[in-house]
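The lines below spell out each chain.
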Amino acid sequence: MSIDPRAVVDPPTEPLNEETEQIVVNMGPQHPSTHGVFRMILTLSGETIVKAEIVMGYLHRGVEKQCEEGTFVHNITATDRLDYLSAMSNNLAFSMAAEALAGIEVPERAWYIRTIVCELQRLASHCVAIGTFGADVGTFFTPLSYAFRDRERILDMFNMICGARMTVSYVRPGGVALDLPEEFIPACRYFLDLYPQKVDEYETLLTKNEIFKARSVGIGILPPEKALSYAVSGPSLRASGIGYDLRKDQPYGIYDRFDFEVQTATGCDCFSRYIVRIREMRESAKIIKQALDHLPPGPHTAKLSRNFRAPEGEAFSRIEAPKGELGFYMVGDGSIAPYRCKIRAPSFINLGPLHEMLLGWKVADAVAILGSLDIVLGEVDR
Amino acid sequence: MSNPTTAAGPLAAKVRAAFPRVELRDVDYGIPSLLVPVENLVDVCQHVKSTPELDFDYLASVTAIDYLDRIDVVYQLRSLKLRHDLALRIEVDRDEAVAPSVTGVWRAADFQEREIYDLMGVTFTGHPNLKRILLYDEFDGHPLRKDWHLPAEPRA
């Protein structure tokens, strides 16, 4: 007997087949498809998931507590290790909260550099997202290696500007750590000129791939009203037809100066979440080009003491990180460290509806559904 | 950054018209911030969600702050359609930290309230599945409280 997953609201109380006994399968924490140390306790009737419980915390390091100990500049290094696939965006969100709290003005050139590196980071993060998602659903390593090939070029550029590939600590309160080196701009332009072709390659390998489509179209439905209630953000929200993007709807920094489209899809399924990322990659490349064209001269950072103090007050910064809305809620008490630093991590909150999305699907689809949400456990567990 | 302070007045006034006991906080960080009596929290949340001109359909973030004499729980709300933000705040007693759960209003509160229960030790009444989320069940204490310190390791 087959069930329509869209009709399933509560897990069926009785086994679908009288002869099948329900079994409980521990998926994770050590499982390659969970993208880290993540655990789903699945109750199965045959191969169909009738109940799912989500267990996390295996990578909890107490980052929020650590942030209360270090100075504002120290804490930048802690943010690198949240969503370690998009360190630039984490640095930016933290810096924006510290700047709002301490009343720091950021020079215009710094904002352009920030926009360039954060959009490059989005490309890199989406490369990992679609590559590993392809690997999860059975395209195995061909698309993955194409995506990682191009991500490698981006990490090389990060290496060029700050000497680190992943834990960059590049965006700092007041601006960015170093000005762009001379060789960066030609390297970045060269990369962008070729990039649309690279996205076409991913599409040839994935979008038109029958196996990939069979495993992702119509799978793992997240209806818009549920996405909204669970405060899902980022590509997963836009794949449910809600075109909300903080870069457009609450523009921070200089995003109001660029011409780009918010990409949405209406399928609400795994394939929509994938295709939204592909389209966003093309848009991000456009933003970087515009930022490079208008990059103004001037200082790359505000003049600022290393151990600046933030007065008593509160700040809530929010940016559109590759995974969704990344927010820092910061409370200052007049010292050189934040009194409280809450991280609104998109991966953590996007996991909210997962236990409902899994109901009625097969075990193999659980891998696809989790992969399409694109989580990073460094950020989920903090 | 956008500065929605101009919208602070009317938005806060609309909530205060329905709930006179709600106070406007004078801390200004670009989002109007309201102090809500604990017993009114769920009603206020239901009101701001279902009133069409407020329409706060998105619970962006829930957090708690330990001020040593009390614990504040802060709800960052947003309306995706009307593009405005609001922060609600409740004060709970530190020794008997209990607050009503808003999981019935926004499902997003589920994980975030569990996180606060886990790390800050605030009990949310009416939460369907209140247990630790990031730490293990046997863990002693709530580490984000200001009086919690990492146990010192003996020196060799």
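Definitions and cut-offs
Sequence positions are assigned chain by chain, starting from 1 and proceeding in written order. Lettering for chains starts from A, numbering for ligands starts from 1, and both go in the order in which the items are written. This being a predicted model, a pLDDT of at least 70 is required before a residue's local features are given, and a value of 80 or more before pairs of side-chain atoms are given or counted; all residues contribute to the totals for chains, interfaces and linings. Only DSSP runs of H or I covering at least 4 residues are called helices, and only runs of E covering at least 2 are called strands; the numbering of each starts at the N terminus. Atoms considered for the radius of gyration are the C-alpha atoms alone. The globule rule reads 2.2 Å times the number of residues to the power 0.38. Partly exposed residues are those falling between the two cut-offs: more than 12 but fewer than 20 other C-beta atoms within 10 Å of their own, whereas 20 or more means buried and 12 or fewer means exposed, with C-beta atoms placed from the backbone. Throughout, a pair of residues is in contact if the C-beta atoms placed from their backbones lie within 7 Å. The pairing criterion is simple: DSSP has to find at least two bridges between the two strands. The axes used here are C-alpha line fits, helices contributing only the stretch in contact, and every angle between their N-to-C directions lies in the interval 0 to 180 degrees. Definition of nonpolar core: a set of buried Ala, Val, Leu, Ile, Met, Phe, Trp, Tyr and Cys residues joined via C-beta atoms within 7 Å. Our angle categories are set so that under 35 degrees counts as roughly parallel, over 145 as roughly antiparallel, 65 to 115 as roughly perpendicular, and the remainder as oblique. For any pair of crossing helices, the crossing counts as left-handed if the nearer helix is rotated counterclockwise from the farther one by less than a right angle, and right-handed if it is rotated clockwise. Every residue is assigned a pLDDT by the predictor, reflecting its confidence on a scale from 0 to 100. Amino acids outside the nonpolar list (Ala, Val, Leu, Ile, Met, Phe, Trp, Tyr, Cys, Pro) and the charged list (Asp, Glu, Lys, Arg) are all regarded as polar, and Gly is one of them.

**With respect to the overall build of chain A**
Here comes step 1: For chain A, the count of helices and strands is 15 helices and ten strands.
Here comes step 2: At 21 Å, chain A has a C-alpha radius of gyration in line with the 21 Å of a compact globule built from 382 residues.
Here comes step 3: Over its C-alpha atoms, taken along the principal directions, chain A stretches across nearly 75 × 45 × 35 Å.
Here comes step 4: Taken across its 382 residues, chain A has 53% of its residues classed as buried.
Here comes step 5: Considering only residue pairs separated by 6 or more positions, chain A has 71% of its internal contacts joining residues 24 or more positions apart.

**Section: the overall build of chain B**
Here comes step 1: Secondary structure assignment for chain B yields three helices and seven strands.
Here comes step 2: In chain B, the succession of α and β elements from N to C terminus is α-β-β-α-β-β-β-β-α-β.
Here comes step 3: Dimensions along the principal axes, computed over C-alpha positions, put chain B at roughly 60 × 30 × 30 Å.
Here comes step 4: In chain B, the share of contacts with a sequence separation of at least 24, taken over all contacts with a separation of at least 6, comes to 47%.

**A closer look at the sheet that holds strand 5 (residues 48-55) of chain A**
Residues and elements named next belong to chain A.
Here comes step 1: Read across the sheet, three strands follow the order 1-4-5 without closing on themselves; strand pairing throughout is antiparallel. Looking at the sheet topology across the chains shown, the edges are occupied by strand 1 (23-27) and strand 5. Direction aside, the axes of adjacent strands within the sheet are offset by 20 degrees on average.
Here comes step 2: Here strand 1 runs beside strand 4 (residues 39-45); their pairing, made up of five bridges, is antiparallel. Considered in strand 4, the bridge of Met-27 is made with Met-40.
Here comes step 3: Packed on one face of the sheet, helix 14 (residues 363-373) meets strand 1, strand 4 and strand 5 and runs near 150 degrees to strand 4.

**What about the nonpolar core?**
Here comes step 1: If you look at the biggest cluster of nonpolar residues, it comprises 159 residues, and the most contacted ones within it are Ala97(A), Ala366(A), Leu59(B) and Val122(B).
Here comes step 2: Looking at which element gives the most residues to this core, the answer is helix 4 (residues 108-136) of chain A, with 14 residues.
Here comes step 3: In this structure Val122(B) touches Ala64(B), Ile71(B), Val73(B), Val92(B), Ala97(B), Ala99(B), Ile116(B) and Tyr117(B), once residues within four positions along its chain are discounted.

**Some points on the packing of helix 11 (residues 270-293) of chain A against helix 14 of chain A**
Residue and element names in this part refer to chain A.
Here comes step 1: Direction vectors running N to C along helix 11 and helix 14 enclose 30 degrees, while the axes themselves pass 9 Å from each other. By the angle between their directions, the pair helix 11 and helix 14 is classed as roughly parallel. Of the two possible hands of crossing, helix 11 and helix 14 adopt the one that is left-handed. Counted together, Cys-270, Arg-273 and Tyr-274 of helix 11 and Ala-368, Ile-369 and Ser-372 of helix 14 form the full contact between these two elements.

**Considerations on the confidence of the model for chain A**
Segments scoring low in pLDDT should not have their predicted coordinates read at a detailed level.
Here comes step 1: Looking at chain A as a whole, its pLDDT mean stands at 87, while 95% of the residues score no less than 70.
Here comes step 2: By mean pLDDT, strand 2 (residues 30-31) of chain A is the weakest element of chain A at 77, and helix 12 (residues 346-350) of chain A is the strongest at 92.

**A short note on the sheet that holds strand 9 (residues 324-332) of chain A**
Residue and element names in this part refer to chain A.
Here comes step 1: The strand order 8-9-10 describes an open sheet built from three strands, whose pairing is antiparallel. Pairing within the sheet leaves two strands with one partner each, and these edge strands are strand 8 (313-321) and strand 10 (340-344). Strand-to-strand twist in this sheet, taken as the mean axis angle between neighbours without regard to direction, amounts to 10 degrees.
Here comes step 2: Where strand 9 lies against strand 10, five bridges are found, and the strand directions are antiparallel. Looking at strand 10, one finds that Gly-327 is bridged to Arg-344.
Here comes step 3: Lying on the sheet, helix 3 (residues 87-102) is in contact with strand 8 and strand 9; it crosses strand 8 at an angle near 155 degrees.

**Structural notes on the interface of chain A and chain B**
Here comes step 1: Contact residues are listed per partner, giving 32 residues for chain A and 25 residues for chain B.
Here comes step 2: Breaking the side of chain A that touches chain B down by element, the ones donating at least two residues are helix 1 (63-69), helix 8 (224-229), strand 8, strand 9, strand 10 and helix 12 of chain A.
Here comes step 3: Looking at side-chain class alone, the side of chain A that touches chain B contains 15 nonpolar, eight polar and nine charged residues.

**Topic: helix 2 (residues 72-80) of chain A**
What sets the pattern is the α-helix's 3.6 residues per turn: residues three or four places apart point alike.
All names here are of chain A.
Here comes step 1: Most of helix 2 is tucked away: seven of the nine residues are buried.
Here comes step 2: Among all positions in helix 2, only Phe-72, Val-73, Asn-75, Ile-76, Ala-78, Thr-79 and Asp-80 are buried.
Here comes step 3: Where helix 2 is buried, its residues contact helix 1, helix 3 and strand 6 (171-172).

**Side note on the packing of helix 4 of chain A against helix 14 of chain A**
Residue and element names in this part refer to chain A.
Here comes step 1: The interhelical angle for the contact between helix 4 and helix 14, taken along N-to-C directions, is 180 degrees, at an axis separation of 9 Å. Between helix 4 and helix 14, the crossing angle belongs to the class labelled roughly antiparallel. For the pair formed by helix 4 and helix 14, the contact residues are Thr-132, Phe-133 and Asp-136 on the first element and Val-367, Ala-368, Gly-371 and Ser-372 on the second.
Here comes step 2: The residue makeup of the contact of helix 4 with helix 14, split by class, is three nonpolar, three polar and one charged.

**A few points about the environment of Gly62(A)**
Residues and elements named next belong to chain A.
Here comes step 1: With respect to the element layout, Gly-62 can be found in the loop between strand 5 and helix 1.
Here comes step 2: With 17 C-beta atoms packed within 10 Å, Gly-62 lands in the partly exposed category.
Here comes step 3: In this structure the C-alpha to C-alpha distance between Gly-62 and Ile-76, which are 14 residues apart in sequence, comes to 15 Å.

**Points about the confidence of the model for chain B**
Here comes step 1: In this model, chain B carries a mean pLDDT of 84, and residues with pLDDT of at least 70 account for 92%.
Here comes step 2: Note on residues 1-7 of chain B: pLDDT under 50 across the span, and eleven contacts to partners over four residues away in sequence or across chains.

**Observations concerning the pairing of strand 9 of chain A**
Residue and element names in this part refer to chain A.
Here comes step 1: Most of strand 9 sits inside the fold, with nine of its nine residues counted as buried.
Here comes step 2: Sheet analysis places strand 8 next to strand 9, joined by nine bridges and oriented antiparallel. Each bridged residue has a counterpart across the sheet, and for Glu-314 the counterpart in strand 9 is Val-331.
Here comes step 3: The loop that links strand 8 with its antiparallel partner strand 9 comprises two residues.

**Focus: unusual backbone geometry**
Here comes step 1: Of note, Ser169(A) is a non-glycine position whose phi angle comes to about 45 degrees, a positive value.
Here comes step 2: You can call Ser169(A) buried: it has 20 C-beta atoms within 10 Å.

**Some points on the pairing of strand 4 of chain A**
Residues and elements named next belong to chain A.
Here comes step 1: Residues of strand 4 alternate between two faces, with Met-40, Leu-42 and Leu-44 buried on one and Arg-39, Ile-41, Thr-43 and Ser-45 left unburied on the opposite face.
Here comes step 2: Relative to strand 5, strand 4 is paired through seven bridges, and the arrangement is antiparallel. Paired with Leu-44 across the two strands is Ile-49, which belongs to strand 5.
Here comes step 3: Hairpin connection of strand 4 to strand 5: two residues between the antiparallel strands, including Gly-46 at a positive phi of 70 degrees.

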